[in-house]
Structure formats: C-alpha cells, structure tokens
Amino acid sequence: VNCVVDYYGRMDLTLEPLSEHHTDFRARFIGSEISDSEAAFKTFGEASPIMHIDKSTPPILIVQGGVDEQVEPVQSDQMFEALQAAKSPVYYLKLGQQGHGFSGEPGEFAWRSAKQFLEMQLQKK
C-alpha cells in the first residue's frame, strides 16, 4: 500500500457510540455479536485501524464531515492524533458543516483534495 484516502472511516471499534443518534455498528464489522465485554473489547481492538499504526504506516488523507451522524468525527480526530504522535504522514480534511457523504462544492473540494493527495503520493513511488 503506497497511501490511503479515508472517507469518514471507523477507526476505533472500541469506541461506543456517543449519542442515541449513532447506531452501534461494531458487531456487523466483525460479523457476530459478542456477549462477553472483555472478549468484545479485544476483538474490536484487533479490528481497529488505529491499533495498527507503526513505522510502516503509509501516508493517509482523512476526510470527515464535522457533523457526521453515522461515523462520529471523534473516529477521525483520534486517528489523526495517533498518526501525528507516531510521526506518520497524515493530512486531515474536516468539512465543518458536512454530514456523512458530501455533495455540491464540499463534495467537489473533497474529491479535488483526494485527487491531489493521490497524485502527490503516487508520483513518489
């Protein structure tokens, strides 16, 4: 993998939804319900991209809507912070008043940003 463009991804499956507006999607991500909370936390952790950051992590562009009600912005916020702490190349485009999925000018801006990021990263290879 040379680089990653992440559009509002779920980065830490150990995080429970913060409000009633967010569905607890985690069991669907791992393919089953887990009744034991300790086993669930371990499984969710192993399935979380944020838990797999290391020196080989490729450059990442994170694109997130600031008012996303399907994937809470905290998912992207914490991934960005973890990548920065690991000194991994990371760029973060947070579109303040956008939800899950972008349309109009914000959508075009996100696409242009992703295209520019990919061109920049893939020219290096």
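Residues numbered from 1 in each chain as written. Predicted model: local features only at pLDDT ≥ 70, side-chain atom pairs only at ≥ 80, totals over all residues. Heavy atoms only, no water.

Trainee: Explain the packing of aromatic side chains to me, and be specific about the residues and the numbers.
Mentor: Where two aromatic rings form a pair, the distance of their centres and the angle of their planes describe that pair. Evaluation of the coordinates by the stated rule reveals five aromatic pairs. Ring geometry for Y7 and F102: centres 6.0 Å apart, planes at 45°, overall tilted. On the criterion of sequence distance, the pair formed by Y7 in strand 1 (residues 4-7) and F102 in the loop between strand 3 (90-95) and helix 4 (104-123) is long-range, its members being 95 residues apart. Here the aromatic rings of Y8 and F102 are separated by 5.5 Å at their centres, their planes lie at 70°, and the arrangement is edge-to-face. Within this pair, whereas Y8 is found in the loop between strand 1 and helix 1 (26-30), its partner F102 is found in the loop between strand 3 and helix 4, the two being separated by 94 residues in sequence. An identical accessibility class is assigned to Y8 and F102; each is buried. Put simply, the rings of Y7, Y8 and F102 pair up and form one aromatic cluster. (Phe/Tyr/Trp six-rings, centres within 6.5 Å; stacked < 30°, edge-to-face > 60°. Helix = DSSP H or I, 4+ residues; strand = E, 2+ residues; numbered from the N terminus. Buried < 20%, exposed > 50% of the residue type's maximum accessible area, 1.4 Å probe, protein only.)

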